[in-house]
Amino acid sequence: MQENWCSGGSDRLSGSTYSLVDYNRTGVPLAEIVSEPDMRSGQEAAEYAQELRRILRYLGVSDGNMQEGSLRCDVNISVRPVGQKEFGVKVEIKNMNSFNAIQRAIEYEIERQTEAIEAGERIIQETRLWEEGSQRTISMRTKEGSSDYRYFPEPDLGPIEVPTTQLEQWRSELPELPHQKRQRYESELGLSAYDARVLTDDRAKAEYFEATVAAGAPPKPAANWIMGDISAYLNANNDLSITDLALKPRELAELVGLIESNTISTTAAKTVLPKLLSEGGSPTQRVEQEGLIQISDTSVIEAAIAEVLAAFPKELEQYRNGKTKMLGFFVGQVMKKTSGRADPKLTNQLLSQRLNEA
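Quick summary incoming for the structure in this document. (Residues numbered from 1 in each chain as written. Predicted model: local features only at pLDDT ≥ 70, side-chain atom pairs only at ≥ 80, totals over all residues. Heavy atoms only, no water.)

**Things to note about the packing of aromatic side chains**
To keep things clear, this is the line we draw: Planes of paired rings set the category: under 30 degrees apart is stacked, over 60 is edge-to-face and the rest tilted, where pairs are Phe, Tyr or Trp rings (Trp by its six-membered ring) whose centres lie within 6.5 Å. In this analysis the charged atom, NZ for Lys or CZ for Arg, is taken to sit over a ring once it is within 6 Å of the ring centre and within 35 degrees of the ring normal.
Applying the stated criterion to the full structure yields four aromatic pairs. The structure contains a cluster of three or more aromatic residues connected by ring pairs, namely Phe312, Phe329 and Phe330. Taking the ring centre of Trp225 as reference, the NZ or CZ of Lys270 above it sits at 5.2 Å.

Dropping the structure here:
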């Protein structure tokens, strides 16, 4: 397991970072990433930390689970009057185990420091703890200068200079990172910013989506199934990951294709999906076994319509007397008679024609 530590705050967090690696933690490597003072709000800092975790997960560096201590974030916060160039005195906050806690702790501390300065109080350099229960920070210890931190150079660790050619080689070996995937999903696949963000939040989910599209599924329907019914199934079975599913990307593409070709309805697809997710197999064979192939034969649907209209003469009279909302009733009866297999769009068209006949 690798442990990661990100450090920063509203006035002490940024996208410009440097990192250190420390192996002196009972054999567990620690990568400490320290940012520049560029961020200005709790939301911005929390978003930065989340994106940092996505990158670490994509690179296989860490699982990034904050609750388990794999990723820890400390924030340094300072406020300053509008127009002042120099940063104010920084305060460090610890004990935050979620991104929401990071945002709330920063927002609280900004308000606390602002009120203190407006009241003429002096902000001291200190470390504070975030109390989740009371939603506030409390003082832990003061640190007035570098001597309090016990900074000293490590005599056995000299500076490491990495040649430019080596850096370029390492960069070329990196996988496509989350922000790059988001941009590509929007520009090349036509997905919305929201869809792109949800799909790329987890590398395994993004790879499952891409494999489904590569197997022939249109991007938007594939995204909808993965973000909707499949994610709901995974949430209900939280011991599973998307790579554990019996339904592989090729089979999901096949299922989407059956819907796109009007071979089955979306309702029929949702009917067979649970078994496909747990047992796998061919969606085509599954819907054939369960008799869910959609009826698109005009003569068959027209025959069902004739039987329904003959069975409900009063409702037919109501429709022709102006109660046009009865159309939905007749559609429902046709779907019931065909066990839900009639093509809904074609059924609506044929019913409207028949109902409006003189």
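**Observations regarding a nonpolar patch on the surface**
Quick note on the threshold: Every patch collects residues that have over 30% relative accessible area and no salt bridge, joining them within 9 Å if they carry like charges and within 5 Å if they are nonpolar side chains (Val, Leu, Ile, Met, Phe, Trp, Tyr). Only the protein chains shown count as cover for residues, with accessible areas throughout obtained via the Shrake-Rupley method and a probe of 1.4 Å. Any Lys or Arg side-chain nitrogen located within 4 Å of an Asp or Glu carboxyl oxygen qualifies as a salt bridge. Numbered from the N terminus, helices here are DSSP runs of H or I no shorter than four residues, and strands are runs of E no shorter than two. Remark: exposure states derive from per-residue accessible area (1.4 Å probe, protein chains only) relative to the maximum for the residue type, with buried under 20%, exposed over 50%, and partly exposed in between.
A contiguous nonpolar patch, built from Ile160, Val162, Leu167 and Trp170 and spanning about 400 Å² of accessible area, is present on the exposed surface. Its place among the elements puts Trp170 in helix 4 (residues 164–172). Overall, Trp170 belongs to the partly exposed group, its relative accessible area being 43%.

**Regarding the pattern of salt bridges**
On inspection of all chains with the given rule, the structure shows 22 salt bridges. Taking the shortest distance from any N to any O, the salt bridge between Arg128 and Glu109 comes out at 3.7 Å. Residue Arg128 is located in strand 6 (residues 126–131), and its partner Glu109 is located in helix 2 (residues 99–118); the two are separated by 19 residues in the primary sequence. Across the pair Glu126 and Arg112 runs a salt bridge, and its minimum N-O distance is 3.9 Å. Here Arg112 lies in helix 2 and Glu126 lies in strand 6, a separation of 14 residues in the sequence. Residue classification places Glu126 among the buried positions, given a relative accessible area of 6%. Salt bridges linked by common partners bring Glu51, Arg54, Arg182 and Asp201 together as one network.

**Side note on helix 9 (residues 249–260)**
Owing to its 3.6 residues per turn, the α-helix aligns residues three or four sequence positions apart on the same side. The criterion, for reference: Each residue after the first adds 1.5 Å to the expected span of a helix. The contact criterion used throughout is that any non-hydrogen atoms of two residues lie within 4.5 Å.
Here helix 9 is twelve residues long and its end C-alpha atoms lie 16 Å apart, about the 16 Å a rise of 1.5 Å per residue gives. All buried positions along helix 9 are accounted for by Pro249, Leu252, Ala253, Leu255, Val256, Leu258 and Ile259. Where the residues of helix 9 are buried, they touch helix 7 (203–214), helix 8 (219–236), helix 10 (266–279) and helix 11 (283–289). Looking one or two residues past helix 9, Asn262 carries a phi angle of roughly 65°, positive in sign.

**Some points on the side chain of Glu109**
To keep things clear, this is the line we draw: Distance and chemistry together define a polar contact, namely a pair of N or O atoms within 3.5 Å, with one atom able to donate a hydrogen and the other to accept it when in protein, and with adjacent residues in sequence counting only for side-chain atoms on both sides.
Looking at Glu109, the relative accessible area reads 0%, which means it is buried. At 2.5 Å, the side chain of Glu109 forms a polar contact with the side chain of Arg112. Within the structure, Glu109 has its side chain in polar contact with the side chain of Thr137 (distance 2.8 Å). When sequence neighbours within four positions are dropped, the list of residues in contact with Glu109 reads Ile77, Val91, Ile93, Arg128 and Thr137.

Function cannot be inferred from these measures alone, as they are strictly geometric.
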